[in-house]
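Architecture at a glance
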Amino acid sequence: MIIWQIIILKKDKENIQEGKQVGILYHYTLYDYLDYILQQNELKSSNFVTSHYAISFTRDKNFHKTRRKIMGTECRIVIDGDKLSNDYSIKPIAEKGFSRIENKTESEERIDFGDKKGVIDHLDQYVISYDLYINKMGPHLIPIFRFIQKVIKDKGLESKVRYFWEDREVDIHDPEFAHMKLLRETQESTDKTPIDYINEL
């Protein structure tokens, strides 16, 4: 009995050492995709950038500020990379076009699933926070935003959701924020601003 206990403890120690120290990772996405991610509690791989199916992350929490034109930075999912690395193989990638100076560092980490589609399921166990950038939300996204709010409430994720106006974390239900002139120009002709819609929630 003692011998078996020693073997089991040794095996558990080996499993703990398999996970590497990755640190905090960030996955950027659109409001449209966040809707699906929250509902299904998963991240799906894509072969849009590479020939292989993969899920990409960055170590740069300010990746949305890069000078390079990037799509899909409306929402930022903050991931515990150490915990994720216990279940998935995460490898660093250096994309062409990014230098390691100023604000151009991509610092990409990628989970490569090869030729077959892959998925990170039970995503919430790895998530530290879901960061929503209100300043990137135009009136056309209000219906999706409202639905996301419902999903967040139904799944009890309120404690993991943060709202930002650029670099400032805000409480969207705080009257102080609601009355601040933090308005952005939109191409759509409307008398209402994103904050006006938020106040109606």
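This write-up is about the structure you can find in this document. Keep in mind that this is a model prediction, so the values were computed, not measured.

Three or more residues of helix α2 (residues 31-40) are buried, namely Y31, L34, D35, I37 and L38. The first or second residue beyond α2 is N41, which carries a positive phi of 55 degrees.

In this section: the pattern of salt bridges. Under the defined criterion, the tally for this structure stands at six salt bridges. Salt-bridge contacts for R76 lead to D131; the nearest nitrogen and oxygen are separated by 2.8 Å. Of the two residues, R76 is situated in strand β4 (residues 75-80) and D131 in strand β8 (residues 127-133); the sequence distance between them amounts to 55 residues. Pair check on accessibility: R76 and D131 agree, each one buried. Taking the shortest distance from any N to any O, the salt bridge between E108 and R110 comes out at 3.0 Å. Given a relative accessible area of 5%, E108 falls into the buried group.

Along the chain, C75 turns up in strand β4. C-alpha of C75 to C-alpha of Y130: the two residues are 55 residues apart in sequence and 7.3 Å apart in space. Ignoring anything within four residues of it in the chain, the contact list for C75 reads H27, Y28, T29, L30, Y31, L34, D131 and L132.

This part covers the nonpolar core. The biggest cluster of nonpolar side chains holds 36 residues, and the ones touching the most others in it are I120, Y130 and L132. When contributions to this core are tallied by element, the ones reaching two or more residues are α2, β3 (53-58), β4, β8, α4 (142-154) and β9 (161-165). Those residues in contact with I120 that lie beyond four places of it in its chain are N41, E42, L43, I55, F57, L84, Y88, I111 and Y126.

Given the relative accessible area of 1%, D131 is considered buried. With 55 residues separating them along the chain, D131 and R76 place their C-alpha atoms 4.9 Å apart. Ignoring anything within four residues of it in the chain, the contact list for D131 reads E74, C75, R76, V78, R162 and F164. Here the side chain of D131 touches R162 through a polar contact of 2.8 Å, side chain to side chain.

Glancing now at the pairing of β8. The element β8 is largely enclosed, with a buried count of six among its seven residues. Judged from the five bridges that link them, β4 and β8 form a sheet pairing that is antiparallel. Each bridged residue has a counterpart across the sheet, and for C75 the counterpart in β8 is L132. As judged from the four bridges shared by β8 and β9, these two strands associate in the parallel manner. Bridging across to β9, Y133 finds its partner in F164.

Applying the stated rule across the entire model yields five aromatic pairs. Here the aromatic rings of Y31 and F145 are separated by 6.2 Å at their centres, their planes lie at 75 degrees, and the arrangement is edge-to-face. You can see Y31 sitting in helix α2 and its partner F145 sitting in helix α4, a full 114 residues away along the chain. By relative accessible area, which is 0% here, Y31 ends up buried. In this structure F145 comes out as buried when scored by relative accessible area, which is 1%. Consider the rings of F145 and Y163, whose centres lie 6.3 Å apart with planes at 65 degrees: the pair is edge-to-face. Here the residue F145 occupies a position in helix α4, and Y163 occupies one in strand β9, the gap between them amounting to 18 residues.

Conventions and cut-offs
Residues numbered from 1 in each chain as written. Predicted model: local features only at pLDDT ≥ 70, side-chain atom pairs only at ≥ 80, totals over all residues. Heavy atoms only, no water. Buried < 20%, exposed > 50% of the residue type's maximum accessible area, 1.4 Å probe, protein only. Helix = DSSP H or I, 4+ residues; strand = E, 2+ residues; numbered from the N terminus. Salt bridge = Lys/Arg side-chain N within 4 Å of Asp/Glu carboxyl O. Contact = heavy atoms within 4.5 Å. Core = buried A, V, L, I, M, F, W, Y, C linked by side-chain atoms within 4.5 Å. Polar contact = N/O pair within 3.5 Å; in protein donor to acceptor, adjacent residues only side chain to side chain. Pairing = 2+ DSSP bridges. Phe/Tyr/Trp six-rings, centres within 6.5 Å; stacked < 30°, edge-to-face > 60°.

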